[in-house]
Amino acid sequence: MGVIVLKNINKVYPGGVVAVTDFNLEIEDKEFMVLVGPSGCGKSTVLRMIAGLEEITSGELYIENELVNEIVPKDRDIAMVFQNYALYPHMTVYKNLSFALSLRKIPKDIIDEKVRETAKILEIEELLNRKPKALSGGQRQRVALGRAMVRDPQAFLLDEPLSNLDAKLRASTRTEITKLHNRLETTFIYVTHDQVEAMTMADRIVVMKDGYIHQVGTPQELYKAPHNMFVAGFIGTPQMNFINTILNKDDSAYYVEIDNTKIYIPEDKFGTILDEYMRKELVLGIRSEDIVMVNDYSDRMDILNGVVDVSEHMGSEVFVYIDYNNKKIIAKFSTDIGTTIKVNDNIQIVFKSQKIHLFDKDSEISLLDMENNKEKVKNN
Amino acid sequence: MSISKLNKFLCYLVLILLSILCLISFYLLIINSTRAHSEIQKGFSFNFGDFFDANLKNVLDNDQLPVLKGIRNSLFVSIGTAILATYFSVLTAFSIHTYDFKFKRLAFTFIMMIMMVPPQVSALGFIRWMGELDLMDSLIPLFLPSIASPIVFYFMLAYMQSNLPKATIEAARMDGSSEFRTFNLIVLPIMKPAIAVQAIFTFVSAWNNYFIPSLIIRSAEKKTLPILIAQLRSADYLKFDMGQVYMLIFLAIIPIIVVYIILSKYIVRGVAVGSVKE
């Protein structure tokens, strides 16, 4: 149940606005798939095409091996939760939940049973006789979820369902949706622009931008091995640091130079692709937690001497904005180290070499990915 | 007296004067319906007379004047107009609001253009057409054309655009509702306040309409109230009775007041509040 396949899907709006280009994705049964990207990247359009609310310009959409391009939403057996909930304002919560079932001519006692069961799971039993306007945002959210649940659909589509909730409620609802997914064992397709939601909830994430898929993978894959600079920058807070540099080699190893500081590149990680980039421009990427503060003034070549610009205390950790020869670097330190750091202090940092990412400057694609592809081509 | 109090006082003064201006005609109407013809001719009075029963009896017993039939005809035409005008205007507005179809802009512009044309301009053509359709001296031409009411449509569209989110319609689609069912079960209830407002307006204008009925209706038992009132007013000198005229007008405004009282409770903004979080 619930396998959804998108093949070469394109969406062009009247007037020639291209929303989605060549979208290929196979969503497995019971998978929690999150589509994430900045606003206008086409993620909601993909969701709406799966729902049948938006026509597919070209390509094929299969639900359970059935081509559904021309099938109207009501016959696709999928449910959707809208960003603004879209409850029926004139109906009570009970009627909102039972509407879909009563349209299907299901006997009243069975409807009643299902509605009450759903209300019990979502803890909205005492709200059944209220109208939406008498509910809080979180309660409306639950009703919207319930309206989708009562039908036992093959898949749930959720379009930024948490964006109208306040931060605290968002976090708790997030875990509840994850629990709900485990409990219902149904395919979930979830659209959000918030990478934290994507990282915490997803089995797999699709990162989109400008109508293209940039990467599909598990949260760990995206975090550890981003395919390109966009994914690297989009996933993770604070953003990954990017520094323009040039690759070089001395007798011992490959290194990149950042204002006379040599940072050695682990050859075992990147492989032979490094040869192709000798003396070429590259972008080095390093996550803020992979930056270490060093106190000894040893003669290590890879120490960067910077000045603290701003330091932000987040509670369990401290974000330190470091100015290094007019390059901005954000580092994340634990509180016990972080609290000793003051603005305008000099600071010495090194990058964990195994955690360094390298990107082609023009295509912005990760060197590691290119190397892996080379391997694949060789093996084939 | 502080300035804000003075302001308040002036506001109330103006409002009270305006209210008196509005209500005085009703008051005089009711007063005059209780007075005899001879008394009315003597001039204004603010006191009630004793002729209410007599005037009522004269109006109801007047052989030339089928008042009860007139009320029935007027109710039939006005209710028909209110229902058709509101239902089909919401339906039209729904299609323009929700769907994208070829010539949508053209259709919209066309409807807007019709709105500019006063009914008097097209009356002659309308009458001739009704003649050809054999619908002269029938009540049908008095309410059926209200299916196409551009002004009502425009009001509905404006209300819909601010109160009916597309997501609500899409949610109904996902729930498995057909388009027509969505319209009847979801859209119409959300549109209730707008429908109530327009139902009052269309009811009143149909109730008061004299122009078209006077051109269409010939036989006495099909006459609507405005025609009867006009008939009474243009009676010859010997039969002319102002008491009856006022009594008939008094009877004629009762249904309007009743309709207003029934529907005014629906005219509350914000039925759609809570459907969508803004």
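Being a predicted model, the structure only gives us computed values, none of them experimental.

Each value, and the rule that gives it
- All chains use their own residue numbering, which begins from 1 and follows the written sequence.
- Key to labels: chains lettered from A, ligands numbered from 1, both in the order written.
- Only residues with pLDDT of 70 or above have their local features reported here, since the model is predicted, and side-chain atom pairs are shown and tallied only from 80 upward, although totals for entire chains, interfaces and linings are computed over all residues.
- Working from all heavy atoms in the structure, the side-chain values ignore hydrogens and water.
- By definition in these notes, contact holds between two residues if any of their heavy atoms fall within 4.5 Å.
- Two parts placed together each lose some accessible area; with a 1.4 Å probe, that loss summed over both constitutes the buried area.
- We define a salt bridge as a contact between a side-chain nitrogen of Lys or Arg and a carboxyl oxygen of Asp or Glu at a distance within 4 Å.
- Secondary structure is summarised from DSSP: a helix means a run of H or I of at least four residues, a strand means a run of E of at least two, and numbering begins at the N terminus for each.
- In this analysis, the expected span of each helix is defined as 1.5 Å times one less than the number of residues it contains.
- Classification of residues uses two cut-offs on accessible area relative to the type maximum, computed with a 1.4 Å probe and protein chains only: under 20% is buried, over 50% is exposed, and between them is partly exposed.
- Each domain span listed reflects an automatic or database assignment of domains.
- Here a patch means residues that are over 30% exposed by relative accessible area and free of salt bridges, tied together within 9 Å if like-charged and within 5 Å if nonpolar (Val, Leu, Ile, Met, Phe, Trp, Tyr).
- Reported accessibility uses the Shrake-Rupley method at a 1.4 Å probe radius. Residues are deemed covered only where the shown protein chains occlude them.
- The charge count treats Lys and Arg as positive and Asp and Glu as negative. His and the chain ends do not count.
- To locate a charge, take NZ of a lysine, CZ of an arginine, CG of an aspartate or CD of a glutamate.
- Definition of a polar contact: a pair of N or O atoms within 3.5 Å, with one able to donate and the other able to accept a hydrogen when the atoms are protein atoms, and with sequence-neighbouring residues admitted only if both atoms are side-chain atoms.
- Gly is placed with the polar residues, together with every amino acid not listed as nonpolar (Ala, Val, Leu, Ile, Met, Phe, Trp, Tyr, Cys and Pro) or charged (Asp, Glu, Lys and Arg).
- In this scheme Phe, Tyr and Trp rings, the latter by its six-membered ring, pair at centre separations within 6.5 Å, and the angle between planes marks the pair as stacked below 30 degrees, edge-to-face above 60, and tilted otherwise.
- Sitting over a ring, as applied to charges here, requires NZ of Lys or CZ of Arg to be within 6 Å of the ring centre and within 35 degrees of the ring normal.

*Asks:* Report on the interface of chain B and chain A, specifying residues and quantitative values.
*Replies:* Chain B puts 22 residues into the contact, and the matching count from chain A is 29 residues. Buried area between chain B and chain A, both sides added, is near 2,300 Å², and the carbon and sulfur share of it is 62%. Between the two partners, chain B and chain A, sit two salt bridges. Among the salt bridges present, the one from Arg48 of chain A reaches Glu170 of chain B, with a minimum N-O distance of 2.6 Å.

*Asks:* I'd love a proper account of helix α8 (residues 150-163) of chain B, names of residues and values included.
*Replies:* Residues and elements named next belong to chain B. In this model, α8 (14 residues) spans 20 Å end to end at C-alpha, consistent with the 20 Å of a helix rising 1.5 Å per residue. All buried positions along α8 are accounted for by Pro150, Val152, Phe153, Met156, Leu157, Tyr159, Met160 and Asn163. Buried positions along α8 lie against α4 (67-98), α5 (104-116), α10 (179-190) and α11 (192-208).

*Asks:* Please provide a residue-by-residue account of the domain arrangement of chain A, values included.
*Replies:* Residue and element names in this part refer to chain A. Under the domain assignment used here, chain A contains domain 1 (4-233) and domain 2 (239-379). A separation of 38 Å is found between the C-alpha centroids of domain 1 and domain 2. The interface is formed by nine residues belonging to domain 1 together with twelve residues belonging to domain 2. Across the interface of domain 1 and domain 2, roughly 1,100 Å² is buried in total on both sides, 56% from carbon and sulfur atoms. Of all residues in domain 1, Tyr223, His227 and Met229 bury the most surface against domain 2, accounting for 55% of the area lost on that side.

*Asks:* Describe a positive patch on the surface, listing the residues and the values that go with them.
*Replies:* A surface patch of like charges, here positive, comprises Lys95, Lys108, Lys131 and Lys133 of chain A together with Lys192 and Lys265 of chain B. By the secondary structure assignment, Lys133 of chain A is in the loop between α3 (108-122) and α4 (137-149). When its relative accessible area of 49% is taken as the criterion, Lys133 of chain A is described as partly exposed.

*Asks:* Describe the domain arrangement of chain B, and please don't skip the residues or the numbers.
*Replies:* Residue and element names in this part refer to chain B. Split into domains, chain B comes out as domain 1 (3-51) and domain 2 (61-264). Just the C-alpha atoms count here: the centres of domain 1 and domain 2 sit 31 Å apart. Residue-level contacts link eight residues of domain 1 with nine residues of domain 2. When the buried surface of domain 1 facing domain 2 is broken down by residue, Leu29, Ser33 and His37 rank first, second and third, together holding 60% of it. At the junction of domain 1 and domain 2, the tally comes to zero salt bridges. Between domain 1 and domain 2 we count two residue pairs in polar contact (both at pLDDT 80 or more) in total. Those elements that place two or more of their residues in the side of domain 1 that touches domain 2 are α1 (3-33) and α2 (37-42). Here the side of domain 1 that touches domain 2 gets five residues from one element, more than from any other, and that element is α1. Considered class by class, the residues forming the side of domain 1 that touches domain 2 number four nonpolar, three polar and one charged.

*Asks:* Can you explain the packing of aromatic side chains? Please cite residues and give values.
*Replies:* What the rule picks out here adds up to 17 aromatic pairs over all chains. Ring centres of Phe242 of chain A and Phe359 of chain A lie 5.8 Å apart, and the angle between their planes is 75°; this geometry places the pair in the edge-to-face category. In this pair, Phe242 of chain A sits in strand β11 (residues 241-249) while Phe359 of chain A sits in strand β20 (residues 357-360), placing the two residues 117 residues apart along the sequence. A relative accessible area of 0% means that Phe359 of chain A is categorised as buried. Chaining the aromatic ring pairs together yields one cluster made of Tyr87, Phe88, Phe94, Tyr99 and Phe183 of chain B. The lysine or arginine in question, Lys262 of chain A, covers the ring of Tyr255 of chain A, its NZ or CZ lying 4.6 Å from the ring centre.

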